[in-house]
Amino acid sequence: MPTNQQRRATAKRKLERQLERRAKQAKRRRILTIAGGAVAAVAVVAAVVVAIVVSKDDHKGNPTASTTSSSAAPSSSAAGLPPVQLGNAVPLPQFKAPANLGANCQYPASPDKAVKPVKPPRTGKVPTEPAQVSVSMVTSQGNVGLMLANNESPCTVNSFASLTNQGFFKDTKCHRLTTSPSLSVLQCGDPKGDGTGGPGYQFANEYPTNQYPANDPKLKEPVIYPRGTIAMANAGPNTNSSQFFLVYRDSALPPEYTVFGKIQDDGLATLDKIAAAGVAGGGEDGPPAVDVTITSILLD
């Protein structure tokens, strides 16, 4: 029976091969990156730190995934995927509404121009009621019902609703699928279809980032984004735009990606089917093997 030291050495070699392969993929595609800070093993426990980053100019891949013996917790029935490995990631913090929630939503211009003609959302105070906003999204692979958390991330929901009403997402491809043991998401929201497009504006993070003091070291530590979560991709703090990701298995990420809703049961079934088909050309990160196009999306 191999010793703990031998198992860690084997895991390290496997990780190094994954890092090299993903770095080559990221350079070739020039799309989103998963960027994680390497966390050294202390005794027999290591951290999982994986970040989703939307970046147009510099795309690097450096995921780290070392797990303890109790870290595996499968959360999806999608066939052919490795077991979930979340390392020392902890649950998302319980939501506590900030005093100024939704009081001053701002959408300043981003460095990149809008891919489609679009007007920024209304600024200033936005309502936090109704608490939930139902959305019907139809894709080429099936329906994906969404329930947006307007009472937790109202500035984000305000932007998403505005883009939806302007037809920004119609006929856009979901351009990225990840199937790694610690990150399992489908990313959508870019009319260019390559991870570099947006609406020409950006806005600040909300939940769970706003549950931590500014510059809190815990903002860099992994938490569990549960299966069924809808969250915003970004290029760093407060650079949210139009790209969002759908979590089809529990995933480990720093709490720097705004959660703004949940995926309904029909959507999870559709995502499982997409994930089961895998990534185009193999691997764990890239365009989905099957075409995933948003054919329509409407506020219910």
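Residues numbered from 1 in each chain as written. Predicted model: local features only at pLDDT ≥ 70, side-chain atom pairs only at ≥ 80, totals over all residues. Heavy atoms only, no water.

Defined as follows: UniProt positions are given in the numbering used here, feature names are shortened, and annotations may be inferred rather than shown by experiment.
Named according to an unreviewed UniProt entry, the protein is Peptidyl-prolyl cis-trans isomerase originating from Mycobacterium paragordonae. For the record of the protein, the UniProt heading Sequence similarities (unreviewed entry) holds the text "Belongs to the cyclophilin-type PPIase family." UniProt annotates the protein under Catalytic activity (unreviewed entry) with the comment "[protein]-peptidylproline (omega=180) = [protein]-peptidylproline (omega=0)".

## Notes on the overall build of the protein
Formally: Each helix corresponds to a stretch of at least 4 residues labelled H or I by DSSP, and each strand to a stretch of at least 2 residues labelled E; elements are numbered beginning at the N terminus. To sort residues, take the accessible area from a 1.4 Å probe on protein chains only and compare it with the maximum for the residue type: under 20% means buried, over 50% means exposed, and anything in between is partly exposed. We call two residues in contact when some of their heavy atoms are within 4.5 Å. To measure how exposed things are, a 1.4 Å probe is used in the Shrake-Rupley method; for residues, cover is taken only from the protein chains shown.
The secondary structure content of the protein amounts to 3 helices and 17 strands. By residue count, 52% of the 300 residues in the protein fall in the buried class. Looking at the protein alone, contacts between residues at least 24 apart form 74% of all its contacts between residues at least 6 apart. Total accessible area on the protein stands at roughly 13,500 Å², and carbon and sulfur atoms take up 54% of it.

## Let's talk about the pattern of salt bridges
Test applied: We define a salt bridge as a side-chain nitrogen of Lys or Arg found within 4 Å of a carboxyl oxygen belonging to Asp or Glu.
Across all of its chains, the model carries 4 salt bridges by this definition. One salt bridge in this structure joins Arg-227 and Asp-272, with 3.0 Å as the shortest N-O distance. In this pair, Arg-227 sits in the loop between strand S11 (223-225) and strand S12 (229-232) while Asp-272 sits in helix H3 (residues 265-277), placing the two residues 45 residues apart along the sequence.

## Looking at the side chain of Arg-249
Quick reminder of the rule: Within this scheme the basic residues Lys and Arg register as positive and the acidic residues Asp and Glu register as negative, but His and the chain ends are omitted.
Within the element layout of this structure, Arg-249 appears in the loop between strand S13 (244-247) and strand S14 (251-253). Although Arg-249 is buried, it makes no salt bridge; Asp-272 carries the closest opposite charge, 7.8 Å away.

## Concerning the sheet that holds strand S5 (residues 90-91)
The test is simple: Any two strands are treated as partners once DSSP identifies two or more bridges connecting them.
Taken in spatial order, the 3 strands of this open sheet run S5-S11-S14, and their pairing is mixed. Strand pairing shows two members of the sheet lacking a second neighbour, S5 and S14, which therefore form its edges. Direction of pairing for S5 relative to S11: parallel, over a ladder of 2 bridges. The residue of S11 that forms the bridge with Val-90 is Val-223.

## Thoughts on the sheet that holds strand S9 (residues 176-178)
For the record, the criterion: Note on geometry: axes are lines fitted to C-alpha atoms, helical ones only across the stretch in contact, with angles between N-to-C directions running from 0 to 180 degrees.
With antiparallel pairing, the 10 strands of this open sheet are ordered in space as S8-S17-S6-S7-S15-S12-S13-S10-S9-S16. If you trace the sheet from one side to the other, it starts and ends with strand S8 (172-173) and strand S16 (285-286), each paired once. Summarising the sheet, strand S7 (residues 142-149) and strand S15 (residues 259-263) pair through 3 bridges and their orientation is antiparallel. Directly across from Met-147, in S15, lies its bridge partner Lys-262. The sheet strands contacting helix H2 (residues 154-165) are strand S6 (132-139), S7, S12, S13, S15 and strand S17 (293-299), and the helix crosses S17 at an angle near 110°. Relative to S7, H3 is tilted by about 125°, and along the sheet it contacts S6, S7, S9, strand S10 (185-188), S13 and S15.

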